[in-house]
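What follows is the residue order along each chain.
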Amino acid sequence: MNRSSKKTCRKGLPAVGFIPVFPRNPMAIFISDTQKSICLNFGLAEKYNGKCNLRFDDTNPTKENIEYVNSIRADVKWLGFDWEDREFYASDYFEKLYELAAYLIKKGKAFVCDMTVEEMAAGRGTPTIPGKESPWRNRSPEENLDLFARMRKGEFTDGTKVLRAKIDMSSPNMHMRDPVMYRIMRANHHRTGDKWCIYPMYDWAHGQSDYLENITHSVCTLEFEVHRPLYDWFLDNLDIQENRPRQFEFARLNLNYTVMSKRKLLELVEGGYVNGWDDPRMPTVSGLRRRGYTPASIRTFSEKVGVAKRENVIDMALLEYCIREDLNKNAPRVMGVLDPVKLVIDNYPDDRVEELEATRNPEKPEEGHRIVPFSKNLYIERKDFMEDPPKKFFRLSPGKEVRLKYAYIIRCERVEKDEAGNITEIHCTYDPQTKSGEGSTKKVKGTLHWVSADHCLNAELRLYDRLFEVPDPDDVAEGGNFKDSLNPGSLQVINGLIEPSVKDGVAGQRYQFERTGYFCIDADSSPEKLVFNRTVTLRDSWAKMQGK
RNA sequence: UGACCGAUGGUGUAACGGUAGCACUACAGUUUUUGGAGCUGUCUGUCCAGGUUCGAAUCCUGGUCGGUCAACCA
């Protein structure tokens, strides 16, 4: 937002409501413009004590359908916004828009034009060359009114006539060169059925719908900036003085390591590079939802991103920060081993099983604890053991001690290997004096997560990573394609072992797998086959150190 | 070769004409039964040139760079 629009906001809202406006028809809400716009609109309304309407600008029946509307509605609701009973459609106003158009015709400000699409394109000129006036431009208001009425009645075939605003064919702003207001289009509309065979264009319907809804701030993305003079022209020529809506523009959101254009996203979906619009790698609301993002994290993200008119590229790290911040506070902890290696505690009784108390969430002590079974045979993370460790490796290695989280301190005595030299079993001894919570003062540098071999659950783990390997996939070399930089490792499916407490989790339940990352149960999961999506890893300063 | 819009650390975003702040990132220290989280600190910025002014990120002029606009799409 620029200075003046900000000032307008600060002054408070004249009377009622905010914004509205919905693009129609994405298969999914993209976080780039629609989501940002939703958060912005509803956020502003909240902040300035206004109201935000939800309006679908359904002016083109060939490009809209009820599923689009429903998916937008579901996503907005999921984000946590409530438009109460203020769900509107431009099609609610078709009759009024028709009357307003007739008003302009009577004033000599609009005319019916018989040019073909090609003729019109040819006569439009270019930004530097003025266009030519339509030969039909000077029909009388009476004739125009009659023709317009007959357009509505269906007396003309599709594409043979349009209603145009009479403005200025030599304007440097192409949108002011007698823009089309209505076209003839015999298409079934998802709300008005076959009642109409003429449909208003966006520019015509939009501002007038804002006016009819008493909108004060109509917010849209930057590319509509050049439409604003037309937006205002309609209001002026309709002689609207009171309660004039005003259009404000903001820059859409760009994120690195992904693409944001609908066309490219569609290409990824149709080419099978991802599994649909709600693939957890997609920058869509439904994708992020499935990935495990919370509505709160997306709203926080939208706030942190800010609003301005300059082009911007937001670092994916900010999005990740927002979800980690939320999940750290709210996700219950659980232990899960992604790449298991067997660990045997030689001095632990064969048939003994201890039920250990493990903190559910250290950020919320009031949530108490869960029970985790501990026994002689365990699995730990393969990378938590090194036979020949570098310095500063605080994990397990021969002769060294670590704590098994919530359990005991153990010492590695020896390892077994297969013929290829891979470690198959790590043999340890435990110190019975060091049980968690029993006051042992013995300190060790490292703490490992683990699962009990006889009690753990198998689970499919879908490890997601950024979709592209480069920050700006759109920046392609000659002859290249944005898909060239697709990250082949953006989805890795593995089998992991998880502590038994997750067995009753339902789809959508989020956890922190201690020391590894945040995961949520996918919709594909079942009691027979658990499936988790990795939302985001934990920050890993050890990995970072090693990377250097 | 037109019109419109924009330009503040690596990335975003603030600052009635009056101390350039906040967040993310990065780095360092501290703490820790998650190498997580927390806490403390550090680095890096007003596109350029003129002008107005006691004083300019802010106002003016001219450049430079970037974006947008020529569907019966939205």
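The rules we used
- Residues numbered from 1 in each chain as written.
- Chains lettered and ligands numbered in written order.
- Predicted model: local features only at pLDDT ≥ 70, side-chain atom pairs only at ≥ 80, totals over all residues.
- Heavy atoms only, no water.
- Helix = DSSP H or I, 4+ residues; strand = E, 2+ residues; numbered from the N terminus.
- Buried < 20%, exposed > 50% of the residue type's maximum accessible area, 1.4 Å probe, protein only.
- Contact = heavy atoms within 4.5 Å.
- Pairing = 2+ DSSP bridges.
- Axes fitted to C-alpha atoms, helices over the stretch in contact; angles between N-to-C directions.
- Polar contact = N/O pair within 3.5 Å; in protein donor to acceptor, adjacent residues only side chain to side chain.
- 1 Å grid on protein atoms, 1.4 Å probe; cavity = no way out; pocket = protein on both sides within 12 Å on 5 of 7 lines; lining within 4 Å.
- Points joined across faces, edges and corners; volume = space filled by probe spheres on them.
- Nonpolar A, V, L, I, M, F, W, Y, C, P; charged D, E, K, R; others polar.
- Near = heavy atom within 4 Å.
- Salt bridge = Lys/Arg side-chain N within 4 Å of Asp/Glu carboxyl O.
- Phe/Tyr/Trp six-rings, centres within 6.5 Å; stacked < 30°, edge-to-face > 60°.
- Lys NZ or Arg CZ within 6 Å of the ring centre and 35° of its normal.

Participant: I keep staring at the environment of Thr-359 and nothing clicks. Help me out?
Facilitator: Inspection of the secondary structure assignment puts Thr-359 in strand β12 (residues 354–359). Judged by relative accessible area, Thr-359 falls into the partly exposed class, the value being 33%. Sequence separation between Thr-359 and Cys-220 is 139 residues; the distance between their C-alpha atoms is 47 Å. Beyond its immediate sequence surroundings of up to four residues, Thr-359 is in contact with Arg-333, Gly-368, His-369, Arg-370 and Tyr-406.

Participant: For this particular structure, what's the right way to read the sheet that holds strand β22 (residues 510–513)?
Facilitator: Within a sheet, neighbouring strands are paired by backbone hydrogen bonds and run either parallel or antiparallel to one another. Reading across the sheet, the seven strands line up as β9-β22-β23-β24-β20-β21-β10 and stay open at both edges, with mixed pairing between neighbours. In this open sheet, the two strands that pair with only one neighbour each are β9 (333–334) and β10 (336–337). Judged from the four bridges that link them, β22 and strand β23 (residues 517–521) form a sheet pairing that is antiparallel. Its bridge partner lying in β23, Gln-512 is registered against Tyr-518. Docked against the sheet, helix α12 (residues 316–330) engages β9, β22, β23 and β24 (530–537), running at close to 120° with respect to β24.

Participant: Please clarify how the pairing of strand β16 (residues 409–417) should be interpreted in this entry.
Facilitator: Two faces belong to every sheet, and in a regular strand the side chains alternate between them. Pairing analysis gives three bridges linking strand β15 (residues 401–404) to β16, with the strands arranged antiparallel. Counterpart to Arg-403 in the pairing with β16 is Ile-409. The hairpin turn running from β15 into β16, its antiparallel successor, is four residues long, and Tyr-406 in that turn takes a positive phi close to 70°. Pairing geometry for β16 and strand β17 (residues 423–431), over eight bridges, is antiparallel. Paired with Ile-409 across the two strands is Asp-431, which belongs to β17.

Participant: How should I be thinking about the side chain of Ser-485 in this particular structure?
Facilitator: As for its placement among the helices and strands, Ser-485 is situated in the loop between β20 (457–464) and β21 (491–498). Among the polar contacts made by the side chain of Ser-485, one reaches the main-chain carbonyl oxygen of Phe-482 at a distance of 3.2 Å. With residues near it in sequence (within four places) discarded, Ser-485 still touches Leu-467, Phe-468, Glu-469, Val-470 and Pro-473.

Participant: Sorry, what's going on with empty space enclosed by the protein here?
Facilitator: One simple way to see leftover space: roll a probe sized like a water molecule over the atoms. For the structure on display, the rule yields two cavities of 30 Å³ or more. There is about 30 Å³ of room inside the second largest cavity. Taken together, Tyr-202, Asp-203, His-206, Gly-207, His-227, Leu-230, Tyr-231 and Gln-247 make up the lining of the second largest cavity. Among the elements of the structure, α7 (202–212) and α8 (228–237) are those that each provide at least two residues to the lining of the second largest cavity. Of the residues forming the lining of the second largest cavity, the biggest block, four residues, is contributed by α7. Considered class by class, the residues forming the lining of the second largest cavity number three nonpolar, four polar and one charged.

Participant: What am I meant to see in the protein's contact with RNA strand B here?
Facilitator: For RNA strand B, the set of nearby residues contains 73 residues, the closest of which are Arg-310, Arg-395, Ser-436, Gln-512 and Arg-515. A distance of 3.3 Å separates a base nitrogen of RNA strand B from a polar side-chain atom of His-227. Between a sugar or linking oxygen of RNA strand B and a side-chain N or O atom of Asn-328, the distance comes to 2.8 Å. Put simply, the parts of the chain that give the surface near RNA strand B at least two residues each are α1 (3–10), α5 (117–123), β5 (180–184), α11 (295–305), α12 and α13 (541–547). Tallied by class, residues from the surface near RNA strand B come to 29 nonpolar, 16 polar and 28 charged.

Participant: Help me understand the pattern of salt bridges, please; the structure alone is not making it clear to me.
Facilitator: Between side chains of opposite charge, a pair can form when the charged atoms approach closely. Evaluation of the coordinates by the stated rule reveals 49 salt bridges. Put simply, Glu-95 and Arg-152 hold a salt bridge, and the shortest N to O gap is 2.8 Å. Highlighted residues: Glu-95 in helix α4 (residues 94–106) and Arg-152 in helix α6 (residues 141–153), separated in sequence by 57 residues. Relative accessible area serves as the criterion here: at 31%, Glu-95 is assigned to the partly exposed category. The salt bridge partner of Glu-413 is Arg-411, with a shortest N-O separation of 4.0 Å.

Participant: Explanation requested: the sheet that holds β16 in the structure shown.
Facilitator: An order of β18-β15-β16-β17-β11-β14-β19 is seen for the seven strands of this open sheet, with the pairing classed as mixed. Each edge of the open sheet is held by one strand with a lone partner, namely β18 (447–448) and β19 (450–452).

Participant: Any chance you could explain the packing of aromatic side chains here in plain terms?
Facilitator: Two numbers describe a pair of aromatic rings. These are the distance of the centres and the angle of the planes. Scanning all chains against the criterion turns up 20 aromatic pairs. Each ring, one from Tyr-98 and one from Phe-148, has its centre 4.6 Å from the other, and the planes form 15°; the classification is stacked. You can see Tyr-98 sitting in helix α4 and its partner Phe-148 sitting in helix α6, a full 50 residues away along the chain. The residues Tyr-98 and Phe-148 share a single accessibility class, namely buried. Aromatic pair Phe-468 and Phe-482: ring centres 6.2 Å apart, planes at 40°, arrangement tilted. On the criterion of sequence distance, the pair formed by Phe-468 in the loop between β20 and β21 and Phe-482 in the loop between β20 and β21 is long-range, its members being 14 residues apart. By the burial criterion, Phe-468 is buried, and Phe-482 matches it. Each member of the aromatic cluster is reached from another via a ring pair, and the members are Phe-94, Tyr-98, Phe-148, Tyr-182, Trp-196 and Tyr-199. Taking the ring centre of Tyr-89 as reference, the NZ or CZ of Arg-191 above it sits at 3.6 Å. The ring of Tyr-257 carries Arg-466 above its face, with NZ or CZ at 3.9 Å from the centroid.

Treat this as a map of the structure, not an account of what it does.
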